[in-house]
Amino acid sequence: MATNARTLASCIFCKIVKGEIPSFKLLETESAYSFLDINPLAKGHALIIPKYHAEKLHDVPDEHLKDLMVVAKKIAVAQGLVDYNILQNNGRIAHQVVDHVHFHVIPKPSETDKEGLVIGWPQQKLSMDELSKLQEEIKGKL
């Protein structure tokens, strides 16, 4: 486990990392653990989690995030995926079900709504002035 990794005894993903619950492990690094989703949206749907327990992405120290996208890329390449989604949700109203940061690699093998991620995209129209003000607001906090 990564140095100073925090775990939560009641967390299902922490239990998977510790080997207390079996998983279909794909790849493990010092700071990340990946496995097949047992309720996949498509064949090959995988989860990548930091070994550090945190409910939301902004709660995970940067050093525990370093391998997550590298592992996601390796899983996509290993499956020969052409079309796929990388998804990460934060909070219940954002559709997070397990309170441990996790990323999904979700293959999208066809254009149908029968497999893979199916989403709506409710775009909003903002003026260039509104976008400019928002940009400055965010940049001022970085």
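A quick note: this is a predicted structure, and the numbers were derived from the prediction, not measured.

A. Broad picture of the sheet that holds strand β5 (residues 103–107). Taken together, five strands build an open sheet; the order of strands is β1-β2-β3-β5-β4 and the sheet is antiparallel. Each end of this open sheet is capped by a strand with a single partner; those strands are β1 (25–28) and β4 (84–87). If you compare each strand with its neighbour and ignore which way they point, the axes differ by 15 degrees on average. Sheet analysis places strand β2 (residues 32–36) next to strand β3 (residues 46–50), joined by five bridges and oriented antiparallel. From the neighbouring strand, F35 faces β3, where its bridge partner is L47. Here helix α2 (residues 68–78) sits on the sheet and contacts β1, β2, β3, β4 and β5; the angle it forms with β3, its principal contact strand, is near 160 degrees.

B. Local environment of the UniProt feature "active site" (unreviewed entry) in the protein. As annotated by UniProt and renumbered to match this structure, "active site" (unreviewed entry) occupies H102. Tracing the chain through its elements places H102 in the loop between β4 and β5. Given a relative accessible area of 7%, H102 falls into the buried group. Those residues in contact with H102 that lie beyond four places of it in its chain are F13, L47, I48, I49, L87, Q88 and Q96. Within the structure, H102 has its side chain in polar contact with the backbone oxygen of H100 (distance 2.6 Å).

C. Main features of the UniProt feature "domain: HIT" (unreviewed entry) in the protein. Sequence positions flagged by UniProt for "domain: HIT" (unreviewed entry) are, in local numbering, residues 12–116. For residues 12–116, the end-to-end C-alpha separation is 24 Å, with 16% helix and 22% strand making up the annotated structure.

D. Looking closely at the packing of aromatic side chains. Under the counting rule described, the total for this entry stands at two aromatic pairs. Their ring planes at 75 degrees and their centres at 5.6 Å tell us that F13 and F35 sit as a pair that is edge-to-face. Of this pair, F13 sits in helix α1 (residues 12–17) while F35 is found in strand β2, placing the two residues 22 residues apart along the sequence. Look at F35 and you get buried, because its relative accessible area is 4%. On the basis of an interplanar angle of 55 degrees and a centroid distance of 5.9 Å, the ring pair of Y33 and F35 is categorised as tilted. Of the two residues, Y33 and F35, neither departs from the other in class, the shared state being buried. Taken together, the ring pairs in this structure connect F13, Y33 and F35 into an aromatic cluster.

The rules behind the values
- In every chain, residue numbers begin from 1 and rise along the written sequence.
- In keeping with the model being predicted, local features are shown solely for residues with a pLDDT of at least 70 and side-chain atom pairs are shown and tallied solely at 80 or more, while totals for entire chains, interfaces and linings include all residues.
- Excluded from the side-chain calculation are hydrogens and water; included are all heavy atoms of the structure.
- Strands qualify as paired when DSSP identifies two bridges or more between them.
- Helix numbers and strand numbers start at the N terminus; a helix is a DSSP run of H or I with at least 4 residues, a strand a run of E with at least 2.
- Only the stretch in contact is used when fitting a helix axis, every axis being a line fitted to C-alpha atoms; angles between N-to-C directions are given from 0 to 180 degrees.
- We call two residues in contact when some of their heavy atoms are within 4.5 Å.
- UniProt positions are given in the numbering used here, feature names are shortened, and annotations may be inferred rather than shown by experiment.
- Three exposure classes are used, based on accessible area relative to the maximum for each residue type with a 1.4 Å probe and protein chains only: buried under 20%, partly exposed in between, and exposed over 50%.
- We call two N or O atoms a polar contact when they sit within 3.5 Å, provided that within protein one can donate a hydrogen and the other can accept it, with sequence-adjacent residues counted only if both atoms are side-chain atoms.
- Stacked, tilted and edge-to-face are the three classes applied to pairs of Phe, Tyr and Trp rings, where Trp contributes its six-membered ring and a pair requires centres within 6.5 Å; stacked means planes under 30 degrees apart, edge-to-face means over 60, and tilted covers the rest.

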